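For reference, the chains in residue letters:
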Amino acid sequence: MTAKSAATRAPRNISREFMTGAVTGAAILLFVGTGGTVLVKALANLRGSTAVIDRTLIAAMLLNVALILFGWFRYRALAEELSDLTDAGHRAQALAQRDPLTGLLNRRSLSEDGATLFASARRRGKAMAMLTIDVDHFKSVNDLHGYAVGDLLLAYVAETIAAIAPSTSLLARLGEDEFACAFVFDSAHKNVADRIAERMVAGLALPFRSNGVDIHTGVSIGIARSDSDCASIDALLRNADIALHAAKTAGRGRHAWFDRSMERSLQLRGELETGLRNAIPAQEIVPYFEQQVDLTTGRITGFEVLARWEHPTKGIIAPDVFIPIAEEIGLIGELSLSIMRQAFAAARDWDAGLTLSVNVSPLQLRDAWLAQKIIKTLVETGFPASRLEIEITESALFDNLPLAQSIVGSLKNQGIRLALDDFGTGYSSLAHLRALPFDRIKIDKSFVTSILDNPESMAIVNTIARLGDSLNLPTTAEGIEDAVIEERLRAIGCAKGQGYLYGRPLGAAQVRRLLAEKRLLAQRPDRDAPPPRGLRRGWRAEVLPATHTAPPRRRPGPSWETMVMRDGPSLLQPFQLGPGLRRGGVRRIRLFPNSSSHANAGAQDQAVLRLLS
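The following paragraphs examine the structure supplied in this document. (Residues numbered from 1 in each chain as written. Predicted model: local features only at pLDDT ≥ 70, side-chain atom pairs only at ≥ 80, totals over all residues. Heavy atoms only, no water.)

### Concerning the overall build of the protein chain
In terms of helices and strands, the protein chain carries 17 helices and 20 strands. Of all 613 residues assigned to the protein chain, the portion counted as buried reaches 44%. Sequence separation of at least 24 residues holds for 67% of the intrachain contacts in the protein chain that already meet a minimum separation of 6. Approximately 32100 Å² of the protein chain is accessible, and the part contributed by carbon and sulfur atoms is 55%. (Helix = DSSP H or I, 4+ residues; strand = E, 2+ residues; numbered from the N terminus. Buried < 20%, exposed > 50% of the residue type's maximum accessible area, 1.4 Å probe, protein only. Contact = heavy atoms within 4.5 Å. Areas by Shrake-Rupley, 256 points an atom, 1.4 Å probe, with all protein chains shown as cover.)

### Looking at the nonpolar core
In this structure, Ile285, Trp350, Leu356, Ile390 and Leu489 are the most contacted members of the largest nonpolar core, which totals 81 residues. The greatest single-element share of this core, amounting to 9 residues, is contributed by helix 10 (residues 332-347). Residue contacts for isoleucine 285: discarding those within four places in its chain leaves Leu276, Ala279, Ile280, Ala307, Arg308, Trp309, Phe322, Leu335, Ile339 and Gln342. Within the second largest apolar cluster, 33 residues are counted, among which are Leu131, Ile164, Phe185 and Ala197. (Core = buried A, V, L, I, M, F, W, Y, C linked by side-chain atoms within 4.5 Å.)

### Notes on the pattern of salt bridges
Tallied over the entire structure, the rule returns 24 salt bridges. Across the pair glutamate 273 and arginine 277 runs a salt bridge whose closest N-O atoms are separated by 3.3 Å. Of this pair, glutamate 273 and arginine 277 both sit in helix 8 (residues 260-279), 4 residues apart, which is roughly one turn of that helix. Looking at arginine 277, the relative accessible area reads 43%, which means it is partly exposed. The residue aspartate 439 makes a salt bridge to lysine 412 at a minimum N-O spacing of 2.7 Å. Of this pair, aspartate 439 sits in the loop between helix 13 (429-435) and strand 14 (440-443) while lysine 412 sits in helix 12 (residues 401-412); the two residues are 27 residues apart in sequence, bridging distant segments of the chain. The partly exposed category is assigned to lysine 412, whose relative accessible area is 25%. Put simply, Arg269, Glu273, Arg277 and Glu328 are held in one network by salt bridges that share partners. (Salt bridge = Lys/Arg side-chain N within 4 Å of Asp/Glu carboxyl O.)

### A closer look at helix 16 (residues 483-492)
Along an α-helix, residues three or four positions apart point the same way, because every turn accommodates 3.6 residues. Listing the buried residues of helix 16 in full gives Ile485, Glu486 and Leu489. The arc that holds every buried residue of helix 16, seen down its axis, measures 100°, which confines them to one face. Those residues of helix 16 hidden inside the fold are in contact with helix 14 (445-448), helix 15 (455-470) and strand 15 (475-477). One side-chain oxygen at the N-terminal end of helix 16 lies 2.6 Å from the backbone nitrogen of valine 484; it belongs to aspartate 482. Phi turns positive one or two residues past the end of helix 16, at glycine 493, with a value near 105°. (Arc of directions from axis to C-beta. Polar contact = N/O pair within 3.5 Å; in protein donor to acceptor, adjacent residues only side chain to side chain.)

### Thoughts on the sheet that holds strand 6 (residues 219-225)
Ordered in space as 2-3-1-6-7, the 5 strands form an open sheet in which the pairing is mixed. A single partner strand is all that each edge strand has here, and the edge strands are strand 2 (170-173) and strand 7 (255-257). Here the average twist between neighbouring strands, direction ignored, is 20°. Pairing of strand 1 (residues 127-135) with strand 6, which is carried by 7 bridges, proceeds in the antiparallel orientation. Counterpart to valine 135 in the pairing with strand 6 is valine 219. (Pairing = 2+ DSSP bridges. Axes fitted to C-alpha atoms, helices over the stretch in contact; angles between N-to-C directions.)

### Observations concerning the packing of helix 5 (residues 147-164) against helix 6 (residues 191-204)
In helix packing, the relevant descriptors are the interaxial angle and the interaxial distance, both defined with respect to the helix axes. It is at 10 Å that the axes of helix 5 and helix 6 come closest, and there the two elements cross at 145°. The interaxial crossing formed by helix 5 with helix 6 has right-handed handedness. Where helix 5 abuts helix 6, its residues Tyr156, Val157, Thr160, Ile161 and Ile164 lie against Ile196, Arg199, Met200, Gly203 and Leu204. Grouping the constituent residues of the contact of helix 5 with helix 6 by class yields 7 nonpolar, 2 polar and 1 charged. (Left-handed = near helix turned anticlockwise from the far one by under 90°. Nonpolar A, V, L, I, M, F, W, Y, C, P; charged D, E, K, R; others polar.)

### A look at unusual backbone geometry
Positioned with a positive phi, asparagine 211 is a non-glycine residue whose angle comes to about 55°. Among the secondary structure elements, asparagine 211 is positioned in the loop between strand 4 (208-210) and strand 5 (213-215). The backbone of aspartate 422 shows a phi angle near 55°, a positive value even though the residue is not glycine. Its location among the elements puts aspartate 422 in strand 13 (residues 417-423).

### Some details on the packing of aromatic side chains
Scanning all chains against the criterion turns up 7 aromatic pairs. Here phenylalanine 289 and tryptophan 350 contribute two aromatic rings whose centre-to-centre distance is 5.3 Å and whose plane-to-plane angle is 70°, an arrangement assigned as edge-to-face. A residue pair is termed long-range when its members are at least 10 positions apart, and phenylalanine 289 in strand 8 (residues 285-294) and tryptophan 350 in the loop between helix 10 and strand 11 (355-359) qualify at 61 residues. As far as the burial class goes, phenylalanine 289 and tryptophan 350 line up, both buried. Within the aromatic cluster, the residues linked to one another by ring pairs are Phe289, Phe303 and Trp350. The ring of tyrosine 500 carries arginine 504 above its face, with NZ or CZ at 3.8 Å from the centroid. (Phe/Tyr/Trp six-rings, centres within 6.5 Å; stacked < 30°, edge-to-face > 60°. Lys NZ or Arg CZ within 6 Å of the ring centre and 35° of its normal.)

### Observations regarding a nonpolar patch on the surface
Taken together, Leu69, Trp72, Phe73 and Tyr75 make up a surface patch of nonpolar side chains, about 490 Å² in accessible area. What makes phenylalanine 73 exposed here is its relative accessible area of 57%. (Patch = residues over 30% accessible without salt bridge, like charges linked within 9 Å, V, L, I, M, F, W, Y side chains within 5 Å.)

Below, the structure written as structure tokens:
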């Protein structure tokens, strides 16, 4: 029904009910008149009078009785309708003020009732505490157990909060998994709010049982108080939200009080997030290179690629500031490939013995096409795959080991080497060494920097070095800052080292000057020329699976941008002739569509590219 039709029907209903009332009233008056006359004559007949009762009056009286009964029934129906409308109004008001699932106030009602409580606390010289409560990892509960169980969990959380909060508190559900609790307390006793928050965190850390399954979750709580430079209930709620964000950032399962430094940090983060979206395409985030040195000869063997943000107004921003933001907002993949592309282009004409080590974020290993993206970047920049080493941390392997095996298999079959970074800081290092074909172990600097002072660190480093030697995996020690540490590492058999002992990370131009001094530049005359794209004019290409025995079908045309294998897209989009390919030469290229594990990577399709004159 449209608003216009409802508006036109309302006057009609009112008019109809008015006419019904008027007719009923007239019927009652007529009944009194006609009924009196009929009644008098009827009594006279009973006394023996010969007076005749007019049948017309009897009919009129009966008609009036019928009209009166109609009016009565209509009155009853109207009373029921009014009762239903009243109940519906109450329900609508309740829905407008309260959350239907938990029965708590909604955000709008919290603002209205909270404003009253806020003003009352100020008049009484008290403080008002606002707690915002967020259920940790609630989305995973919905994903694993379904929305019905999620609703039961929310109702349980609401009941627990209500049981712990003071009886005069205002309780509200602000969002899907966010709640609020507001109450008045003595400003001199801040620990009252602390105790309530601690009880909520502890109570909701207990497992919630549903359908015979224990669901483990928890809450993070942010707290703000009205007597701390807070002008309104909305400002108080905003401050509590900022404190909640700080509690979640600090590790969840805890509570945090609001202070002004949190607000400044949040504003800075917003500025960095906005700047980061523009900095990646503008290439403001550039690669820096940390030397990796052979501990036996002292020669430079390669560099680890690090990211630095050369901000136009803030100067150099360290990666530990912007990398977490890039991961949170989904830009880490784009950022990583941008750094790789710049680093590969800069190192293309370095000495062929120098390698580049690049860290991969755990979030990137969730991308099934990561290997293809890295190989495409290598092809576009003309950087040899054999000079690239990808570093993966143990924590990156927990989410989906089969997918990680598939990605690693694709990279390894292109000649890219693999290093296990931060070894010893994870939970299943030995299992990962067995499951994935690593080429190198990197010892975390937290162990290396303390080997002189901490016997346990020395024992751990010694054990890792011996393990690497037993598995034929050379080790690289990170964080070498002292010559004595270097000598200890050399004595126990570490192959390579890196750290500030050998110099701070350098920009591309500084590294180039360093390598020129050490005569480690290839001095290619075409360094600044872009790598060729596609096949050179007059050349033809053939591609076939390694198991194919029939003569290959030739693909005509001098330029070839895409090839499709029977199991998926090729990695060469577009294909580029690398240096060293000669007219009439033959080169084998392996193509790997996404697979479930590294175990079957060797059985994947291969391609043979024949360059014919």
